Amino acid sequence: MRTSHLAVMAAALLIPSPLAAQPRGTSDPGGFRSEMRMQGYYFDNFFHSTNPAEERNVTALGSELRGGYRPGERPLEVFGHLSVVRYGVREVPESLGGRIGVRHDGAVHQWTAYLDRAENRPSFEVGNTFGSADVTTVSGAYAYRVVPEWEFGAEGIHQRQTFSAQNNRRNDYTALGASVRYRGFGWRFRPEIGLDSGRREVVNAAESYDTRDWYVQASYMPVLPRDPLYLSLRYRDRNRAYTISDPGTRNFGRREVRGEWMLLADLRIAQNVNTWMYFTTENVDSSVPGGNFEVGFLLVGVTIGF
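These numbers were taken from a predicted model, which means no experiment stands behind them.

What to know about the overall build of the chain
- Secondary structure summary: the chain contains zero helices and 14 strands in total.
- For a compact globule of 306 residues, the expected C-alpha radius of gyration is about 19 Å, and the chain comes in at 19 Å, within 12% of that figure.
- The principal-axis extents of the C-alpha atoms in the chain amount to approximately 60 × 40 × 30 Å.
- Residue burial in the chain is summarised as follows: out of 306 residues, 49% are buried.
- A sequence separation of at least 24 residues applies to 55% of the contacts in the chain between residues at least 6 apart.

Rendered as structure tokens:
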């Protein structure tokens, strides 16, 4: 996964964030920039029910304040944001979050590192069942442009989830990934492929599993102000293998294959105003009888820079 798409692919985490980890654009040397985002969420089959008759769709509203500061001439920037999400069901409390990080965006070398903390975040990573988690994430990514046409990337992520009332769900997730991006078609069109491998260690060992993911993605980059529309389409194949070795234990031999489509569109409608849409749909095929289900997610919003 590329640095600039880590937050876009959220799936990697809990509630996807549609754009990059820092505010859009680049600060002038010694300059500060900020933006406010207002977001509306729609979750199809929010609680991951395997019975279509019991599926519940959920809405939410959220906002984020993001800022970035470039201390000097180098393409190095410090960024951070604060967020709040309020869900439309009583089972999910209001979620608060914050992030701080640093980004280098050079012509040949690009890298990003950040620390993220979220309180009361909906979690389904353990057993595909709902829990309200406090989540701490540390992530870093690096990309190297070998020649003008080819760019290679690598990233790592470590995440810890804790639960105030469900200690057996506490878990740590660690993953490493690599990607290749081709720029030979020109500035606007950029295809990309990537692989990721990770493991989630759960206090309840029967719920621990390994992950193996791959994805293909194509992005259309605008040249402002003539064509202000950014588009990105991705297919990701996610494989989850539970690792409990006792045949008499729950989840022994359990496997899941998750096919996911993602579409992101971002439209600049004024000098400092953008509107955007992020959509995913995922089909989960489980080796457990009756364990299949589908989920969908739609996020729309407006960003105002100031």
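With respect to the packing of aromatic side chains
- Counted under the stated rule, the structure contains 18 aromatic pairs.
- Ring geometry for Phe 46 against Phe 130: centres 6.4 Å apart, planes inclined by 50 degrees, an arrangement best described as tilted. In this pair, Phe 46 is assigned in the loop between β1 (32–44) and β2 (58–69) and Phe 130 in the loop between β5 (109–123) and β6 (131–147), connecting sequence segments 84 residues apart.
- Relative accessible area serves as the criterion here: at 21%, Phe 130 is assigned to the partly exposed category.
- Taken together, Tyr 41, Phe 43, Phe 46, Phe 47, Tyr 87, Phe 124, Phe 130, Tyr 278 and Phe 297 form an aromatic cluster joined through their ring pairs.
- Over the aromatic face of Tyr 114 sits the side chain of Arg 99, whose NZ or CZ is 3.9 Å from the ring centroid.
- Arg 240 extends its terminal NZ or CZ atom over the ring of Tyr 209, reaching a point 4.1 Å from the ring centre.

Comments concerning unusual backbone geometry
- The phi torsion at Asn 45 lies on the positive side, around 55 degrees, for a residue other than glycine.
- Structurally, Asn 45 is set in the loop between β1 and β2.
- We note that Asn 251 has phi near 80 degrees; this positive angle belongs to a residue other than glycine.
- When you line up the elements, Asn 251 lands in the loop between β11 (229–242) and β12 (255–270).

Section: the pattern of salt bridges
- In the structure shown here, the tally under the stated rule is 22 salt bridges.
- Linking Asp 116 and Arg 99 is a salt bridge whose minimum nitrogen-to-oxygen distance equals 2.8 Å. Pair noted here: Asp 116 is in strand β5 and Arg 99 is in strand β4 (residues 95–105), with a separation of 17 residues, a long-range link. We note that Asp 116, like Arg 99, is buried.
- With a shortest N-O distance of 2.8 Å, Asp 210 and Arg 199 are connected by a salt bridge. Taken together, the positions of Asp 210 in strand β10 (residues 209–220) and Arg 199 in strand β9 (residues 189–202) put the pair 11 residues apart, joining distant regions of the chain.
- Through salt bridges with shared partners, a single ionic network connects Arg 238, Arg 240, Arg 254, Glu 256, Arg 258 and Glu 282.

Observations concerning the side chain of Gln 161
- Tracing the chain through its elements places Gln 161 in strand β7 (residues 150–162).
- What makes Gln 161 buried here is its relative accessible area of 0%.
- Looking at Gln 161, its side chain comes within polar contact range of the side chain of Ser 123, at 2.8 Å.

Comments concerning the environment of Gly 106
- Along the chain, the position of Gly 106 falls in the loop between β4 and β5.
- In this structure, the C-alpha to C-alpha distance between Gly 106 and Arg 74, residues 32 residues apart in sequence, is 8.4 Å.

Regarding the pairing of strand β3 (residues 76–87)
- Across 10 bridges, β2 lies against β3 in antiparallel orientation. By the bridge assignment, Gly 68 is partnered in β3 with Phe 79.
- For β3 and β4, the ladder comprises 10 bridges, and the chain directions are antiparallel. Within the sheet, the bridge partner assigned to Gly 80 lies in β4 and is Ile 100.

A closer look at the confidence of the model for the chain
- Summing up the model confidence of the chain, the mean pLDDT is 90 and the portion of residues at 70 or higher is 92%.
- Overall, residues 1–20 carries pLDDT values under 50, and its contacts beyond four positions in sequence, including any with other chains, amount to 86 contacts.

Thresholds, definitions, all that
- Residues numbered from 1 in each chain as written.
- Predicted model: local features only at pLDDT ≥ 70, side-chain atom pairs only at ≥ 80, totals over all residues.
- Heavy atoms only, no water.
- Helix = DSSP H or I, 4+ residues; strand = E, 2+ residues; numbered from the N terminus.
- Rg over C-alpha atoms; globule rule 2.2 N^0.38 Å.
- Buried < 20%, exposed > 50% of the residue type's maximum accessible area, 1.4 Å probe, protein only.
- Contact = heavy atoms within 4.5 Å.
- Phe/Tyr/Trp six-rings, centres within 6.5 Å; stacked < 30°, edge-to-face > 60°.
- Lys NZ or Arg CZ within 6 Å of the ring centre and 35° of its normal.
- Salt bridge = Lys/Arg side-chain N within 4 Å of Asp/Glu carboxyl O.
- Polar contact = N/O pair within 3.5 Å; in protein donor to acceptor, adjacent residues only side chain to side chain.
- Pairing = 2+ DSSP bridges.
- pLDDT = per-residue confidence, 0-100.

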